[in-house]
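Survey of secondary and tertiary structure
Single-letter residue listing:
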Amino acid sequence: MLPKTLLASNARRMRIFWIILLLFSPVAYLVGARQVLNHDTPSLLGLSIDRSKAIAIASDVAASKGVETSGWKALCHFKFNKELFFYYRLPLNPERERARALAPGTVIGVILRSPDRSENVEVELTVDGRVLGYQRRSTQPGEEADAGEPAARKLAQDSLEQRLSAMGLSYPIELKLGEATLNEKIDPEGRLGRPKGIVRKYSWSWPLQASPELKLESVLTVRGNKLFSDRVEAKLDEEFAKKNLNSGGWLKIASTSLYGLVVLILVIYGVYRFVQRARQKEVSYLRVGVLVVLFVVVMVGFQVSSDTALYEVSTIPGLPVPDWVILLQTTVFFVFIGLFMGLAFGSGEGDIREEHPGKLSSLDALLVGKLFSRNVARSTVWGWAIGGWILLTGQIVMLAWNNVPATGRAPSDYLDSWLGYAPVLSPFLSWPIDTMLVLVVGLLLPLPFLNRRRRLGRAKYLLLFLCVWIACAGPYLDYHPWAVTLLGALLRAAFFLLAIFYFDILTAIIAIASPPFIAFAIELAAQPAPSLHTAGFVSVGIAVVVLAVEMYFALRGRSYREEEVSPFYAKNLAERLSMQAEVSAAREAQVRLMPVSLPKTDCFSIAASFKPAFEVGGDFYDVFELEQGKVGILVAEGGGRGLGSALSIAYAKGFLMAKIRSRYQTDDSPTEILRGLQDRLSSLLEEGASLGLAYAVIDAADGRLRYARTGHHPIIQVGRQAGRQAGRAMEKGQGFDLTQPEEQKIRFSSHHNAGTELTIVEGTATLNAGDSVVLFTDGLDKDWQQNKSNPEREFASVLSAASGKSSDQLQQTLNESVSACAKRARKQGMEDDLTAVIVRLDKHDVEEELAASNAGNIAGKWRSAE
């Protein structure tokens, strides 16, 4: 049952920790469930009527008002006033008790709507079925004559007195008449669909001397000789609510603002990454579609099984919009949200496969229908185990605030499913939006963004934790105080990431989804209404059966390898990752082959610059001191890019350095050394591949340049002061001429690749103090030719600018020239490496001591050879 990471680990204490967590998770669920029953707001709702009972009561009320509603469509909906909900959690006095009875924070609304939509009746009920208010709306013309204001006033007053009598109260009633509406004058021809006749609106404020912060008002409407509404409206003073109801203040505003900002940034980046993935053919459109469909089905299922989407619009009489149009609009909205979820999955899935291989194998198995595989089963079992501890720790966090006034979690619209057509489905429809938000906003969107910020190092995990933390707090914005929400979200985020890093994504999803599922099922089972009570237990029973089945297959099921269940695009991803690994290895090899620093000598000023067109270039250079007053320069070009090129260059350098450093070397001329190297490489390079090489030796003792090269490039040129005569001192700032020394071709047959003829070009030149040797590859040559210049002109400019200056200034001048060329090449889309090496002879050393030293070194080699 333990994941491979733990089984392979030597951390015995960590294995014991997870075993204890698994074994005691049922205890965590039991303790957490008890806390939910005793303290969670929905559990304490006390809903003793269900949908059918609420509709029956509303029909009886309508009949008592003279409205026959048989054959009318019925809709039910919870109406929550969150300010009143928290207000009534303050210490109660008789007036607040009375106010809560008249206008509670939780009201059940029932609308009875005529088939032609011209009329509807809305009845408001308490959770135990007591009638709170009545309102009738109609576009039909009145059949009754206006009985006059006194009769209308008496009708309203009688209704209000009946309400007072039912509560055992007696107050003097002074009804206030609002402005009467004479609809015949406003709409004489009935074109606006407004009923004819006079509608009079009366109001009366309930006396609340001990609770001045609350305004309680009865509103009664009379049309003709019929009472069309009798409702009680409550309004709480804003300043009082802000000061006393733990609304969260600046902390909640800052947190929600940050949440919105993070979501906006991540959505924009998610779209960008999805497009990139799509271009790389690393998106499974089928899986994105499956996720979109699943999300839409769940969310539309909630809307269809309840009346949330239709209730408010049904209060408008005469509205000509059919129900199916409203449901279609809602479906389109959820399709849009689902596409966002699918887009996030498509953009983040590849990054998870790259950074955390194997973390998606269980989810892959689930999506391809392997429900009873060991992959899915183990993720399910561990997800439920971790979920139990999330439930328990969340309830523990809330313990300190359970009995504090004006605190707790306000009811939400998801309770509408209890008044829907199938309450047993409500626990299964409650968790998807919460889970998807945590998964998408907390993980799938930020992960691609953070993975590409290599400089962050381990800090990216902290930022990822912050994103998950914010996402975990999003669905619980209604909890007072806000600090409890943040603390609970902190624990959820910690367990979520633990599930991912020690297990996989499916485990984390189930761990986040199981606590709200269990809590919702328990809350449903806690209601007094028999149908709701039974539905809650059935939901829990289904979950227990599924978990038992998955526990069996966690031990006996088949385990699938990642490649067996991963989508087709994963092959493209694997190929790209393989190429990236090759590039990374080649880059590392190239970094190790390049010289860390250039030699510092009294005789030479040396500068070199290399600008690769890609992450790994096909060019290479090295400059090394052979002995005092003598340097060797090696420049290579071509051979392809990537690891193959790096290996070819590594072999070339290794062969060259072994020949040069060997004390048994009888002929150290560049031609012979390069000849042996070229012969060896002819059997190693693939057919059609090429590797241009240039090896040059400059001896300061006699000012002699000797070199050998293969291929068209690299090219070697000598820069001399323009117009200078032999033996004449160089004047600072004077121009330079670059010329190619006299060369000759040498052809020979390969010993290692029969039938192959190889060609080497060799050249020599004599240098004076101030002369420079320039080696460069074809990237610079092509760019300068493209821009109507040439290497001779460009390098002459570099040599002139650095004439008489230090090697550091020569290096800076060369870097500026090559960087300008690279910038121009990128704009023009010319993809080639740019490499140049300049060695300037600063001191033509012909002193006898240097010559004697060199002669002694040569004699020493001969003696060693003998």
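Above this text sits the structure in question.
The following refers to the structure shown. (Residues numbered from 1 in each chain as written. Predicted model: local features only at pLDDT ≥ 70, side-chain atom pairs only at ≥ 80, totals over all residues. Heavy atoms only, no water.)

What about the packing of helix α11 (residues 285-305) against helix α13 (residues 323-355)?
One can describe the packing of α11 onto α13 by two numbers: an axis separation of 8 Å at closest approach and a directional angle of 145 degrees. Judged by the twist between their axes, the crossing of α11 over α13 is right-handed. Looking at side-chain class alone, the contact of α11 with α13 contains 14 nonpolar, six polar and three charged residues. (Axes fitted to C-alpha atoms, helices over the stretch in contact; angles between N-to-C directions. Helix = DSSP H or I, 4+ residues; strand = E, 2+ residues; numbered from the N terminus. Left-handed = near helix turned anticlockwise from the far one by under 90°. Nonpolar A, V, L, I, M, F, W, Y, C, P; charged D, E, K, R; others polar.)

Notes on the pairing of strand β15 (residues 691-699)
For β15, a buried count of nine out of nine residues is recorded, marking the element as mostly surrounded by other parts of the structure. With burial as the criterion, each face of β15 is covered, one bearing L691, L693, Y695, V697 and D699 and the other bearing G692, A694, A696 and I698. Bridge analysis of β15 against strand β16 (residues 704-709) gives six bridges, and the strand direction is antiparallel. Looking across to β16, one finds that A694 is bridged to R709. Counted between consecutive antiparallel strands, the loop separating β15 from β16 contains four residues, among which G703 sits at a positive phi close to 70 degrees. (Buried < 20%, exposed > 50% of the residue type's maximum accessible area, 1.4 Å probe, protein only. Pairing = 2+ DSSP bridges.)

Brief notes about the nonpolar core
One finds I386, V440, L443, F496 and I505 to be the most contacted residues of the largest nonpolar core, which totals 74 residues. Looking at this core element by element, the count peaks at eleven residues for helix α21 (residues 505-525). Discounting chain neighbours no more than four positions away, the residues touching V440 are F340, M341, A344, L445 and P446. Residues C603, I698, L705 and V837 belong to the second largest nonpolar core, which totals 42 residues. (Core = buried A, V, L, I, M, F, W, Y, C linked by side-chain atoms within 4.5 Å. Contact = heavy atoms within 4.5 Å.)

What to know about the pattern of salt bridges
By the definition in use, this model includes 24 salt bridges. A salt bridge links E124 to R231, with the nearest nitrogen and oxygen atoms 3.5 Å apart. With E124 in strand β3 (residues 119-125) and R231 in strand β9 (residues 226-236), this residue pair connects regions lying 107 residues apart in the sequence. Between E563 and R561 there is a salt bridge, with its nearest N and O atoms 2.8 Å apart. Taking the relative accessible area as the measure of exposure, E563 reaches 54% and is therefore exposed. (Salt bridge = Lys/Arg side-chain N within 4 Å of Asp/Glu carboxyl O.)

Let's talk about the packing of helix α17 (residues 432-444) against α21
Across the interface, α17 lies against α21 with an axial gap of 9 Å and an inter-helix angle of 140 degrees. The angle between the axes of α17 and α21 places the two elements in the oblique class. Where α17 crosses over α21, the two elements pack in a sense that is right-handed. Taking contact as the criterion, the partners of D434, T435, V438, L439 and L443 in α17 are, on α21, I505, I509, I512, A513 and P516. A class-by-class count of the residues in the contact of α17 with α21 yields eight nonpolar, one polar and one charged. (Parallel < 35°, antiparallel > 145°, perpendicular 65-115°, else oblique.)

Here we look at helix α6 (residues 94-102)
Listed in full, the buried residues belonging to α6 are E95, R96, R98, A99 and L102. Burial along α6 is one-sided: seen end-on, the buried residues are contained in an arc of 160 degrees. Contacts made by the buried residues of α6 are with α5 (82-87), β4 (131-138), α7 (149-166), β8 (214-223), β9 and α9 (238-244). Here α6 starts with a cap whose side-chain oxygen sits 3.1 Å from the backbone nitrogen of E95, and that cap is N93. (Arc of directions from axis to C-beta. Polar contact = N/O pair within 3.5 Å; in protein donor to acceptor, adjacent residues only side chain to side chain.)

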